[in-house]
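The lines below spell out each chain.
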Amino acid sequence: TRTQSTRAQSTTEDQSIVKYRAFVAAAKCKSFTKTAQRLGYTQSGVSRMVAALESELGVKLFERERGSVSLTPEGKELLPYAANLCEDADLLAERSQAMKGLETGRIRIGAFTSVATHWLPKVIAGFRADYPGIEYELQMGDYTEIEAWLAEGRVDCGFVRLPVQHKFEIEELVHDEFMAILPQNHDLASCDAFPISCFADEPFLELASPLDSEVGFIFKREGMSVRPVFSTWDDYSIMAMVESRLGLAILPSLVLRRNPFAIRAVPLDNPAYRTIAIATRGGSKVSLATQRFLEYLDLRDS
């Protein structure tokens with residue numbers, strides 16, 4: 001289990017690194033109790049490690065409140081250095097283990113919902129069959145969050161939409177086509193290509209996410225202005241409302257896989273796409289396990 005592997009690691013790892021791991025984990029969990037559960041220690045053990053690190057560094061890292069902790073300004077400034085230190089320790093351990101012929105490690109992946117639902121299970125299943133000793137940590141977020149996590153070193157690789165706002169090493173994976181989403185009995189449900197101009201005549205349902213900028217660009221490109229009658233973060237809610245004839249929508253193809261709704265997905269008469277890529281920080285920051293994992297990411301046939 002995750003807890004057992006963490007405890008096993010801590011028995012052989014320098015205790016100073018363990019203190020930094022507790023610091024980084026507590027900053028993320030915002031609770032010593034949750035940090036203890038994550039790392040496999042007692043709450044008092046985590047508290048002692050953080051206190052010892054504060055004494056060693058000569059600064060206060062956290063403000064303690066009942067049931068929660070928050071970073072001090074000094075803690076915020078030192079956190080990236082501590083995270084890098086822990087990451088370098090992981091890389092050192094993995095490289096040394098690889099030299100001894102071992103295939104162990106951990107891959108931290110940042111992904112948005114459609115990738116995590118429709119692509120990752122098959123990719124991880126194939127990778128795990130060849131490398132059963134690898135552990136995985138999946139963090140779910142939107143495009144902006146994933147880029148931030150990658151830049152901060154909180155994930156080893158992340159699925160992103162191009163273009164990105166940071167300087168990463170990028171491998172383009174697929175062009176995901178945007179589709180018009182209609183009720184099955186809509187007058188244009190059987191057409192080969194849905195006229196974008198028709199969205200001006202019917203209620204439009206908006207997926208309130210970073211996709212907005214892409215869908216907005218589609219209308220702007222056509223010289224149109226469409227005001228949504230409904231907006232939500234949940235793509236399944238959008239599809240359910242389309243099924244109930246409450247309006248039409250535009251969604252990327254990947255979101256539509258294995259959906260249970262009585263809807264039709266029709267290509268737009270002027271096609272539009274989002275480009276999905278996998279990103280890493282590149283160079284020595286990419287662990288051996290992550291490098292091997294990236295070799296399995298031919299997602300076009302997944």
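For the structure itself, look to the data block above.
Let us look at the structure shown here. (Residues numbered from 1 in each chain as written. Predicted model: local features only at pLDDT ≥ 70, side-chain atom pairs only at ≥ 80, totals over all residues. Heavy atoms only, no water.)

1. Re the overall build of the chain
- A tally of regular secondary structure across the chain gives 11 helices and 11 strands.
- Oriented by its inertia axes, the alpha-carbon framework of the chain measures out at about 70 × 45 × 35 Å.
- Considering the chain as a whole, with its 302 residues, one finds that 46% of them fall into the buried category.
- By sequence separation, contacts in the chain at least 24 residues apart represent 72% of the contacts at least 6 residues apart. (Helix = DSSP H or I, 4+ residues; strand = E, 2+ residues; numbered from the N terminus. Buried < 20%, exposed > 50% of the residue type's maximum accessible area, 1.4 Å probe, protein only. Contact = heavy atoms within 4.5 Å.)

2. A short note on the packing of helix 3 (residues 32-39) against helix 4 (residues 43-57)
- Where helix 3 meets helix 4, the axes come as close as 8 Å, and the angle between the chain directions of the two elements is 105 degrees. With respect to helix 4, the element helix 3 is oriented roughly perpendicular. Contacts between helix 3 and helix 4 involve Phe32, Thr33, Thr35 and Ala36 on the former and, on the latter, Gln43, Val46, Ser47 and Val50.
- Here the contact of helix 3 with helix 4 is composed, by residue class, of four nonpolar, four polar and no charged. (Axes fitted to C-alpha atoms, helices over the stretch in contact; angles between N-to-C directions. Parallel < 35°, antiparallel > 145°, perpendicular 65-115°, else oblique. Nonpolar A, V, L, I, M, F, W, Y, C, P; charged D, E, K, R; others polar.)

3. Observations regarding the pattern of salt bridges
- Inspection of every chain in the model, using the stated rule, returns 13 salt bridges.
- Of the charged contacts, one joins Glu63 and Lys60 as a salt bridge, the two residues approaching to 3.2 Å between their closest N and O atoms.
- Lys60 gets classed as partly exposed once you look at its relative accessible area, which sits at 44%.
- Ionic pairing is found between Glu87 and Arg281, a salt bridge with its closest N-O pair at 2.4 Å. Of the two residues, Glu87 sits in helix 5 (residues 73-99) while Arg281 sits in the loop between strand 11 (273-280) and helix 11 (288-294), which places them 194 residues apart along the sequence.
- We classify Glu87 as buried; its relative accessible area is 6%.
- By relative accessible area, Arg281 is classed as partly exposed at 24%.
- One network of salt bridges, in which partners are shared, links Arg21, Asp90 and Arg106. (Salt bridge = Lys/Arg side-chain N within 4 Å of Asp/Glu carboxyl O.)

4. Topic: the packing of helix 2 (residues 15-29) against helix 4
- At their nearest, the axes of helix 2 and helix 4 sit 9 Å apart, and the two run at 110 degrees to each other. Taken together, the axis directions place helix 2 and helix 4 in an arrangement best described as roughly perpendicular. Counting all contacts with helix 2, which are made through Val18, Lys19, Tyr20, Ala22 and Phe23, the residues of helix 4 involved are Met49, Val50, Ala52, Leu53, Glu56 and Leu57.
- Of the residues in the contact of helix 2 with helix 4, the class split is nine nonpolar, no polar and two charged.

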